Amino acid sequence: MVKTENFSYTPAVFPAAADTKNQVSLRVENLACARGLRVVFADLNFTLAGGGVLHVSGANGAGKTSLLRMICGLLAPAAGTISLSDSTPLAPQCHYHGHADGLKNTLTPRETIFYENRFSTSQEPSAAEDLLVLAGLRKQADQRVSTLSAGQRRRLALARLLAAPRRLWLLDEPYTALDAAGRDLVDTLVRRQAEAGGLVVLAAHEPVPLADNHLELDA
Amino acid sequence: MLERLENLSALYANPHRFMKLAARLHAPVWSVALVVLALGLFMVSGVPDDYQQGATVRIMFVHVPAAWMALFAYSFIFFASLVAVVLRHPLGYLAARAAAPVGAVFTLVALVTGALWGQPMWGTWWVWDARLTSVLVLLFIYLGYIALWEAIDDYGRAARATSILAFVGFVNVPIVKFSVDWWNTLHQPASVSRFARPALHADFLYPLLVMGVAFLFLFLAITLTRLQMEVLRQRLRVRQSEI
Amino acid sequence: MYDFYIFASYTFTAFALGVIIAVSFRGLLRARQSLAALQNTKNDDG
Amino acid sequence: MSGRHILQALFARELRLVLRGGHLMPVIAFVFICVMLMPFGLGPELSLLQRLAPGLLWVIMLMAILLSLDRMFQADFEDGGLDQLMLLPVALEGAIMAKISAHFVGILMPVLATMPLAGLLLNIRPDTVMPMLAALLAGAPALVMLGAIGAALAVGVRRAGLLTVLIVTPLYVPVIVFGAGALARSLAAPGTLDVAAIAVLGLISAASIFLAPPAIAAALRAGLR
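First, a word on scope: everything that follows refers to the structure included in this document. (Residues numbered from 1 in each chain as written. Chains lettered and ligands numbered in written order. Predicted model: local features only at pLDDT ≥ 70, side-chain atom pairs only at ≥ 80, totals over all residues. Heavy atoms only, no water.)

## Things to note about the overall build of chain B
Helices and strands together make up the secondary structure of chain B, namely seven helices and zero strands. For chain B, the sequential pattern of α-helices and β-strands runs α-α-α-α-α-α-α. Excluding contacts between residues fewer than 6 apart, the proportion of contacts in chain B whose partners are at least 24 apart in sequence is 82%. Accessible surface, chain B as shown: approximately 10100 Å² in total, 70% of it carbon and sulfur. Positive and negative side-chain charges of chain B, numbering 18 and 12 respectively, have mean locations separated by a distance of 6 Å. (Helix = DSSP H or I, 4+ residues; strand = E, 2+ residues; numbered from the N terminus. Contact = heavy atoms within 4.5 Å. Areas by Shrake-Rupley, 256 points an atom, 1.4 Å probe, with all protein chains shown as cover. Lys, Arg positive; Asp, Glu negative; His and termini not counted. Charge placed at Lys NZ, Arg CZ, Asp CG, Glu CD.)

Next comes the structure, spelled out in structure tokens:
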């Protein structure tokens, strides 16, 4: 059995995603979603306080992905508003971790993280090396992303969440294609983000123990 | 349900008021168009031969109004898109979509009649004259606009994308005209534009103006018919999605 | 001598406008019919 | 760290992607294939080719740009890169400019560099090579920016490539008129440079560099789902 690398991570690796002083909460008011003309859901209201983890569950087509994409502005809602309590623009403070991972096949993991670090407004981007270790991709650091397995690609995409720290994480079924170690990685990251006062909205079919809020979307 | 979703209804609003008005206007607009057209044709038949071009000048009475309508229709599409985007009135998108094929047909008419008019004078079916070339480019602007509507299935995206193209295209039309005119002088510096209309004294001017008004009302009438069709198709899409 | 070109111009214009007019009215009619048909099915199982 | 720094990183990454993606070679190959076809089509008579060379090179250049534009947004649309591009904490128009600049430097500059060589195959007069390059350089930005509008409108749509060409061609007419036109003058009067036409080209390019990004951003946002 190939021994998966253990994740030796030191708190220094995680810059505070959002310092706890100005904790910000996410407010969703009578949100509605429609696919073309079919209404997927309507009159959705909730508030996610700073440091909260919201688990969104529901059958396929219930609108989980649409909700996540609406929160980060990648999908226009049919009605309703989504805002942060300090009413700063939402999109630039979001990470969207979806099925299409946005990774570039011709780059290597090291290069990917190198650029992701640069795409952040935070002062001290976390060291690329630590993130590679964290994602368990140290050995594959200089291979092309196209040669990585589905699980390894997911981990590299997860490493991006830390490469450019942002307040709000939108994770669309982050556990898929991950082994036990990979799932630990997701839990670690989410817990770390919550402790740092950030917000996490996580869509998953399986139960998410560390989520303190739960939203069920019925198809 | 639809009305409560404001962003959605901003795209799919159900213009009852407009449909009642359109139904009332439909017959009058069509009758005015046909009457003015009949008057125009009657006046054209009474026109003497032009001392230069002989009888072929009669083609002008169809070619020139068609070219006018080709340009007018595109301005109509631009302003309809502006209404839709700026005033957030969804009818604008449908009006622009309705007018496009009508504009394209008038452009085609202007091209074919232009070639038919040119043939007896220069012995060739097509001459790269500044005005005819501009009209040819305008035809492709229409085809691009219509193709964009047809290529996108999601109505919301199609409406937004085509309005962007309408704005970009509208800015481009005068630039094309300017560049084609300059291009024309480049290659035929001396001769005046071959399409200089014959001396337009009353015998030619009035029939031309009447035909112009007739084509204008024809354009409005056909577009009004198509707009009612588009609104009903929109209502159909909404009803089918609610079953 | 030029009658052909004049005749061709007017007939093409009539033909082209005739086509767009016919297509538009047929489209309007068809939209009305399918909307009415939809109305009936809605009332039947309404 | 300011937005500018993010745009520089994006430009560097996109340039690396363009160079690694092997997008340059097919475009250059396309140019030389077209040039090679001309004598077969028009006959090998040198004086004829010489007279047609500037115009032919302009049309070929235009089509090469159209060819290279097709993948500009489509690749990002398919792999989810477009989502990440939109979430960058920087203006979308800026990100678009970074992407297009990388495309310009990575593909268009090398293609422009090969144009004189392509011109030789068409027996272009040496003294017209400089005016040709000047006109191509003045007009290429407009071709890329206007083409990017078409590519953005058609991203993710059926037969996006064909639709892009149909949408973009009318936008290209003024550029090619002044581009090839500028060369015709310098061909007719050796050694002169049609400054007026090249100035207009530069004007069109400058205008499109400022007016196209908002249209491209709106087109990409329209395509979100």
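## Details of the pattern of salt bridges
Overall, the coordinates contain 23 salt bridges over all chains when judged by the stated rule. Glu29 of chain A is the salt-bridge partner of Arg27 of chain A, the closest N and O atoms lying 3.4 Å from each other. Residue classification places Glu29 of chain A among the partly exposed positions, given a relative accessible area of 32%. A salt bridge links Arg20 of chain D to Glu111 of chain A; the shortest N-O distance between them is 2.6 Å. Of the two residues, Arg20 of chain D is situated in helix α1 (residues 3-20) and Glu111 of chain A in helix α2 (residues 109-118); the pairing between them involves two chains. Judged by its relative accessible area of 29%, Arg20 of chain D falls in the partly exposed class. The exposure class of Glu111 of chain A is buried, given its relative accessible area of 15%. Overlapping salt bridges, with partners in common, bring together Lys104 of chain A together with Arg13, Glu14, Asp76, Asp79 and Lys99 of chain D in one network. (Salt bridge = Lys/Arg side-chain N within 4 Å of Asp/Glu carboxyl O. Buried < 20%, exposed > 50% of the residue type's maximum accessible area, 1.4 Å probe, protein only.)

## What to know about the interface of chain B and chain C
Tallying the contact residues gives 38 residues for chain B and 25 residues for chain C. Of the roughly 2700 Å² buried between chain B and chain C, counting both surfaces, carbon and sulfur atoms make up 82%. When the buried area of chain B at its contact with chain C is split by residue, Leu232, Leu236 and Arg239 of chain B rank highest and sum to 18% of it. Taken together, the connections running from chain B to chain C amount to zero salt bridges. At the junction of chain B with chain C, the criterion picks out three residue pairs in polar contact (both at pLDDT 80 or more). Looking at the side of chain B that touches chain C, the elements that each hand over two or more residues are α2 (16-45), α3 (60-86), α4 (91-122) and α7 (202-242) of chain B. Sorting elements by how many residues they give to the side of chain B that touches chain C places α7 of chain B first, with 14 residues. Split by residue class, the side of chain B that touches chain C holds 24 nonpolar, eight polar and six charged. (Buried area = accessible area lost by both parts, 1.4 Å probe. Polar contact = N/O pair within 3.5 Å; in protein donor to acceptor, adjacent residues only side chain to side chain. Nonpolar A, V, L, I, M, F, W, Y, C, P; charged D, E, K, R; others polar.)

## Digging into the nonpolar core
Membership of the largest hydrophobic core comes to 228 residues, with the highest contact counts inside it found for Leu26 and Val201 of chain A together with Ile216 of chain D. Excluding its chain neighbours within four sequence positions, the residues that come into contact with Ile216 of chain D are Phe73, Ile96, Ile100, Met145, Ala148, Ile149 and Ala152 of chain D. The next biggest cluster of nonpolar side chains, apart from the first, holds 32 residues, and it includes Ala141, Val145, Ala163 and Leu171 of chain A. (Core = buried A, V, L, I, M, F, W, Y, C linked by side-chain atoms within 4.5 Å.)

Distances and angles like these do not, on their own, reveal function.
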